[in-house]
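Listed below are the residues making up each chain.
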Amino acid sequence: MSVNILAIESSCDDTSAAVISDGKVLSNVIAGQAVHEQYGGVVPELASRAHQENIVPVVDLALKKAGMQPADLSAIAFTQSPGLIGSLLVGSSFAKSMALALDLPLIAVHHMQAHVLANFIDDPKPSFPCLCLTVSGGHTQIVRVDGPLQMTVIGETLDDAAGEAFDKSAKLLGLPYPGGPLIDKYAKEGNPKAYRFPEPQIPGLNFSFSGLKTSILYFLQENKAKDPAFVDNHLADICASIQHRIVTILTNKLVKAAQETGITEICIAGGVSANSGLRNALEELGQKHGYKVYIPQFQFCTDNAAMIAMTAHFKYLAGDFSPADIVPTARAAF
Ligand code: KG4
Ligand code: ZN
């Protein structure tokens, strides 16, 4: 009999549901929330309300697209942590109710572990051990992966996440939220060496992005004082230079991690892995250092339930189920 799992992701501002059958993703439905754009960031209270509206149609569509009825399911999975607690509560309550009503096992999934396992949805899959650079709006981590459920964080940000560095830089440039994809877009037309932003000197495999934000702020203030149209006239070069620095901060630490561990299977994950500068840099590093580089499809890079489903599949095989009284948490290590 097939193992069919319905997975629900609601940790931030995307409501998503996916169905996986014997490790093969059959559907991955994602409803974004445009309501936050006008506020320049995710408003937790509004996110929870939008999840409430979206969850029934999103789950319904994910089942339909997979050609499944609730009765065909073997388990229900959900994102337990980390995330916005109000958002997590909507997904977890829904998942728990559904598991209870259908008398199915419940599988709680760690969102960051799931980002890593997005690399195992399509072929070719990385082999173990591998390193994963997980870069999202909330996290920046280098994870050592020794097995599907055996992961160790060996480096992480001490302040802002890489996605936040993109979004905050974009905000300083007057671009709307989320600014990461816009910086990527304008950077394509610009010179990455036009302006030089400093690289923070952080020991070990940890990252820091708050200094970069401050240096961009001073750089813009100085140049706008001389030329009020500075940003408009040099947007592509500014974006390319900011992107270049964020990407080199990330890749320099990744190379260091590969050197220290001797691991040459390298994956990326999280929303920022959609960034074309980072993708190109990784491909180049792969050729230079002999790494095998894995980059998930775009729909599996940003928040999505397919990665929750993939993780749940491994947990199902390991018999790792959760009790009905499990609660979501805003923060949790894995
Ligand atoms: O993983 P994700 O969808 O949500 C979180 O769990 O945070 O990541 C969202 C982050 C945002 O900061 C967004 O600006 C960034 O990913 N992002 C990008 C690009 N696409 C999304 N940053 C740079 N370039 C992109 N192309
Ligand atoms: Zn995420």
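Every value quoted in this text rests on a predicted model; they were computed, and no experiment measured them.

### Remarks on the site of ligand 1
At step 1: Of all residues adjacent to ligand 1, which total 18 residues, the nearest are S136, G137, G163, G180 and G271.
At step 2: When contributions to the shell around ligand 1 are tallied by element, the ones reaching two or more residues are α4 (162-172) and α5 (180-187).
At step 3: If you count residues domain by domain, the shell around ligand 1 takes at least three from each of domain 1 (4-116 + 301-317) and domain 2 (125-295).

### Side note on the confidence of the model for the protein chain
At step 1: Here the protein chain averages 95 in pLDDT, while 100% of its residues score no lower than 70.
At step 2: Reported for the predicted complex are a pTM of 0.94 and an ipTM of 0.98.

### Regarding the UniProt feature "domain: Gcp-like" (unreviewed entry) in the protein chain
At step 1: On the UniProt side, "domain: Gcp-like" (unreviewed entry) is annotated at positions that read residues 24-309 here.
At step 2: End-to-end, the C-alpha atoms of residues 24-309 are 9 Å apart, and along that stretch the chain is 49% helix and 17% strand.

### Digging into the pairing of strand β2 (residues 15-21)
At step 1: Within β2, 7 of the 7 residues are buried, leaving the element largely enclosed by the surrounding structure.
At step 2: Of the two faces of β2, the one carrying T15, A17, V19 and S21 and the one carrying S16, A18 and I20 are both buried.
At step 3: In terms of strand pairing, strand β1 (residues 4-9) meets β2 through 6 bridges, oriented antiparallel. Within β2, the position partnered with N4 by the bridge is S21.
At step 4: Between β1 and β2, which pair antiparallel in sequence order, lie 5 residues.
At step 5: Here 7 bridges tie β2 to strand β3 (residues 24-31), and the two strands are oriented antiparallel to one another.

What counts, and where the lines are drawn
Residues numbered from 1 in each chain as written. Chains lettered and ligands numbered in written order. Predicted model: local features only at pLDDT ≥ 70, side-chain atom pairs only at ≥ 80, totals over all residues. Near = placed C-beta within 6 Å. Helix = DSSP H or I, 4+ residues; strand = E, 2+ residues; numbered from the N terminus. Domains from an automatic or database assignment. pLDDT = per-residue confidence, 0-100. UniProt positions renumbered as here; feature names shortened; annotations may be inferred. Buried ≥ 20, exposed ≤ 12 C-beta atoms within 10 Å, placed from the backbone. Pairing = 2+ DSSP bridges.

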